[in-house]
Amino acid sequence: MKYFFLFSLLVLPAVIFMVDNGNKMMAYADEDPIDEEEADVEGETEEGDLTATENEEDEDGPQSKASPDADTVLLFTKPNFQGASQLELVAGNPVEFLVGFRNKGPLDFVVDTIDASFRYPMDFNFFIQNFSAIGYNKIIKPSHEATFHYSFLPSEAFAGRPFGLNINLVYHDASGNSFQEAVFNETVQIIEIDEGFDGETFFLYVFLAAGVVLLLVIGQQTLLSVGKKRPAAKKAAPVETGTNNPNNVDYDWLPAQTLASLNKDKSPKSPKGGKPQSPRQRKAKRSTGSE
Amino acid sequence: MLQKLAILFAAFTVAICVEEKTGEIQGARLLISKQILNRYLVEGKDIEVRYSLHNIGKSPAVQVELKDNGFNSDAFEVVGGHLSTKFARIPPESNFTHVVVVRPNKYGYFNFSSAEVSYKVSDAPDAQTQVSYSSEPGEGGIVAFRDYDKKFSSHYWDWLAFALMTCPSLVIPLVLWYNSKSSYEKVSKPSKKN
């Protein structure tokens, strides 16, 4: 008889757990249905609104529980997530996930909204960013199931930090009881994208290359000017115009053969003694030489 | 006798509990997403619709039938693919993708609703058939082709007209210059020969 009581001690909890599926036999805290005003506050917040949504008092309010007849499942499709390690989201890239909802109960369910929010990882009551609550308003008949698609974009400013990601599913059944279930409530890591081509570094290298080329050009110029100074002094010598230039003529402007013929005429005698040439003769000579 | 009965009962309840816990995981579970891949929905232009079926259950989904009644035939014309298909089997931990290309005949707002999928949750012959609905892309505005063309066409005729209109202002100075040039050359050529 003693053993019988021992066994009944084992059996009774099992029976309770079995029967428990729905109507609670054990004590549980009754919670108020979700406040309508609160849901509106979450729904209206924009994605870009980072600071304005940090309302802490909103989390202290009551939250309704999940229905035992609803079977929800979550699948991340955009960053492929296997569930083994911590989820990593790439900042600036859209994140997409699917929420599956199966109705196992006898009543219709209506899925109202799904919303996601980033929270402070140390304290999930502290909101950092709320994403739009998307209204689906989809009726799911008994033993049917439906899929819901949601996507959001983690801001690039959040790169390299952990966040608590909370995905909330709000639904109600045909008799008007509203339910809320956090289909995902974990800490995720926002990682920075390591793209192959970074514009900033590319232009840094372009700028460096331009600087090197500029230095080379300057070096070449200084070297040339230093090297040219001595030959330039010598170069003046071959043109033997002499100091006595009676007509004040700049001989640089004359063609080479004219100069040569002038020098030929000049060399034996003094420049003054030279036979004056008519301009017409000179012109003829030049045209035959150049053409 | 009573003890044995109690032991049997205990074993039975434990077995039921275990089965109930694992039963819902073991069957196939499909998540179906329906997505519109186009950025602009334009009247008379192709719209790509992608259906992805992810099986996240532990057993294969059998006799999967996908049917999309969302595109009625007077508003849409199917250009590629089929709006209702069958997949014999989707193994666990895998996904299927099905793409349909449709072309809208009218412009205006259109509500893209969900596709309907039915499948058997396992290979067993008495497996139950599960009805599932895909995700809804939601309401999308289909732009009239005229408005789209205004924004994105390459404006061949406009550029041709522009070229024609700019012609006089380019040609008249050219003609004037050419006249003066040729007249100058007539004057200067004989003088050079002298």
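Residues numbered from 1 in each chain as written. Chains lettered and ligands numbered in written order. Predicted model: local features only at pLDDT ≥ 70, side-chain atom pairs only at ≥ 80, totals over all residues. Heavy atoms only, no water.

Participant: Would you take a moment to explain the sheet that holds strand β7 (residues 94-104) of chain B for this structure?
Facilitator: Hydrogen bonding along the main chain pairs the strands of a sheet, whether they run parallel or antiparallel. All names here are of chain B. Pairing in this open sheet of four strands is antiparallel, and the strands run β1-β3-β7-β5 from one edge to the other. On the outer flanks of this sheet lie β1 (30-36) and β5 (76-80), each paired with one strand and no other. Across the sheet, the mean angle from the axis of one strand to that of its neighbour is 30°, orientation sign disregarded. Summarising the sheet, β5 and β7 pair through four bridges and their orientation is antiparallel. The residue of β7 that forms the bridge with V78 is V102. (Pairing = 2+ DSSP bridges. Helix = DSSP H or I, 4+ residues; strand = E, 2+ residues; numbered from the N terminus. Axes fitted to C-alpha atoms, helices over the stretch in contact; angles between N-to-C directions.)

Participant: Looking at this structure, how should I read the packing of aromatic side chains?
Facilitator: In this description, a pair of aromatic rings is defined by centroid distance and the angle of the planes. Counting across every chain of the model gives 31 aromatic pairs over all chains. Linked through ring pairs, F76, F97, F118, F131, Y150, F152, F158, F163 and F184 of chain A together constitute an aromatic cluster. (Phe/Tyr/Trp six-rings, centres within 6.5 Å; stacked < 30°, edge-to-face > 60°.)

Participant: Explain the nonpolar core here, please?
Facilitator: One broad trend across soluble globular proteins is that nonpolar side chains are buried collectively. If you look at the biggest cluster of nonpolar residues, it comprises 36 residues, and the most contacted ones within it are F118, F152 and L165 of chain A. With residues up to four places along the chain from it excluded, the contact list for L165 of chain A reads F76, L89, A116, S117, F118, F152, F184, N185, E186 and V188 of chain A. A28, V49, V102 and V121 of chain B belong to the second-largest nonpolar core, a separate cluster that totals 27 residues. (Core = buried A, V, L, I, M, F, W, Y, C linked by side-chain atoms within 4.5 Å. Buried < 20%, exposed > 50% of the residue type's maximum accessible area, 1.4 Å probe, protein only. Contact = heavy atoms within 4.5 Å.)

Participant: Looking at this structure, how should I read the UniProt feature "transmembrane region" (unreviewed entry) in chain A?
Facilitator: The sites that UniProt annotates as "transmembrane region" (unreviewed entry) are residues 202-226 of chain A. For residues 202-226 of chain A, the helix share is 100%, the strand share is 0%, and the end-to-end C-alpha distance is 36 Å. (UniProt positions renumbered as here; feature names shortened; annotations may be inferred.)

Participant: Is there a simple way to explain unusual backbone geometry in this structure?
Facilitator: Excluding glycine, residues mostly have negative phi values, and the peptide bonds linking residues are mostly trans. Despite not being glycine, N137 of chain A has its phi angle at roughly 50°, a positive value. Topologically, N137 of chain A is positioned in strand β6 (residues 134-140). Note on N137 of chain A: relative accessible area 57%, which makes it exposed. The backbone of Q63 of chain B shows a phi angle near 50°, a positive value even though the residue is not glycine. Note on placement: Q63 of chain B falls in strand β4 (residues 61-67).

Participant: Would you mind showing me how to read the environment of V49 of chain B here?
Facilitator: Residue and element names in this part refer to chain B. Here V49 shows up in strand β3 (residues 47-55). For V49, a relative accessible area of 0% corresponds to the buried category. Each C-alpha atom of the pair V49 and L83 lies 9.9 Å from the other, and the pair is 34 residues apart in sequence. Residues contacting V49, with those up to four places away along its chain left out, are K34, Q35, I36, F71, H98, V99, V100 and V102.

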